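Observations on the model geometry
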Amino acid sequence: MKQLIDKLQETCVLAPEEYRVLIDQHRDARLAEYLFAKARTVKMQNYGHDVYLRGLIEFTNYCKNDCYYCGIRKSNGKAERYRLSKKQILDCCAAGYALGYRTFVLQGGEDGYFTDKKIIEIIQSIKKNHPDCALTLSIGEKSYETYQAFYEAGADRYLLRHETADAEHYGRLHPAVMSLKNRKQCLYDLKEIGYQVGCGVMVGSPFQTTEALVEDLLLIKELNPHMVGIGPFIPHHETPFADQESGTLELTLFLLGLIRLMLPSVLLPATTALGTIHPQGRELGILAGANVVMPNLSPVEVRNKYLLYDNKICTGDEAAECRSCLQKRMESIGCQLPVSRGDHRSMV
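To keep things clear, this report deals only with the structure shown in the data block.

Parameters at a glance
- Residues numbered from 1 in each chain as written.
- Predicted model: local features only at pLDDT ≥ 70, side-chain atom pairs only at ≥ 80, totals over all residues.
- Heavy atoms only, no water.
- 1 Å grid on protein atoms, 1.4 Å probe; cavity = no way out; pocket = protein on both sides within 12 Å on 5 of 7 lines; lining within 4 Å.
- Points joined across faces, edges and corners; volume = space filled by probe spheres on them.
- Nonpolar A, V, L, I, M, F, W, Y, C, P; charged D, E, K, R; others polar.
- Salt bridge = Lys/Arg side-chain N within 4 Å of Asp/Glu carboxyl O.
- Helix = DSSP H or I, 4+ residues; strand = E, 2+ residues; numbered from the N terminus.
- Buried < 20%, exposed > 50% of the residue type's maximum accessible area, 1.4 Å probe, protein only.

Of the volumes computed, that of the largest pocket is approximately 170 Å³. Residues that form the lining of the largest pocket fall into these classes: three nonpolar, six polar and four charged.

Shown next, in the form of structure tokens:
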């Protein structure tokens, strides 16, 4: 099995059966540590000790979609809905800038209130106020023309988790009006336009198989994104999957290590969900090959309303508290948080 990991480090490619064997049959603590050591080496070669900050602004929890795993799905009548004003969003950016953030991530449900015109105005205002910063959007599936308009307005990056590359599995996680085919087309459209593109999956989501995870790795390799966001599935109590088991820390970390070797220069977050399922989850993610963290810049009064899953951490912290806490956590494992946009190496 170590030979397979060596092969992945050397060639960045494995056959589907080789991925399956690694994930399904021979994964143990010793093999994982061997993988993580290789992943740390590759990360150091590309980014040194730097871990990049992304300031997350969750600006709306309204959503037209009804994804079965999501706490802000439209059928959750108990969700306390909110929208941030343009001024609130700009205030979040200003506070983040003062704390050393040079990337802002606008994340929200697919909310029809925020028309293309409104999003473009927000993008232009953020870029005018902070021309040295990168702006990432994470607002779901749009048309090619809309993505193009956002890009021309100044958006630099786009995060769109594909969730699973297995069409049958996708159908068991989403209502019939949503399709994996369209999700994948959006990702390829974003790349064609010129965005730094991020995809990603939930690890341990209901009905997920090893074969589905292998399909995910193959899609990620084919897409060759600039970012990959993976985190454990965590159930939300007001969804059809409320009684399902969470994904595991162990498998999530193992996949982070594999992805780092597959895509040596990828930007790879240690997600909030990792920190939710384990007190040192984000540190362990960095030690497994990740190099991005995404603290929350949203106003404290709305943080506990943007709950995609239960028990989300940092919902009561001020932005400065999140920043200070993460800096100490990263320094404790020998990493640093530079004041930087943290672009993918191909964009520098």
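And the narrative resumes.
Applying the stated criterion across every chain, the model contains 20 salt bridges. A salt bridge links Arg83 to Asp111; the nearest nitrogen and oxygen atoms lie 2.7 Å apart. Placement of Arg83 in the loop between β2 (55-60) and α4 (86-98) and of Asp111 in the loop between β3 (103-108) and α5 (116-129) is noted, with a sequence separation of 28 residues between them. Residue Arg83 is classed as partly exposed on the basis of its relative accessible area of 34%. The residue Asp132 makes a salt bridge to Arg102 at a minimum N-O spacing of 3.7 Å. Here Asp132 is found in the loop between α5 and β4 (134-138), whereas its partner Arg102 is found in the loop between α4 and β3, with 30 residues between them in sequence. Accessibility expressed as a relative area gives 36% for Asp132, which makes it partly exposed. Relative accessible area serves as the criterion here: at 14%, Arg102 is assigned to the buried category. In the salt-bridge network here, residues are joined through shared partners; they are Lys127, Asp156, Arg157, Arg341 and Asp343.

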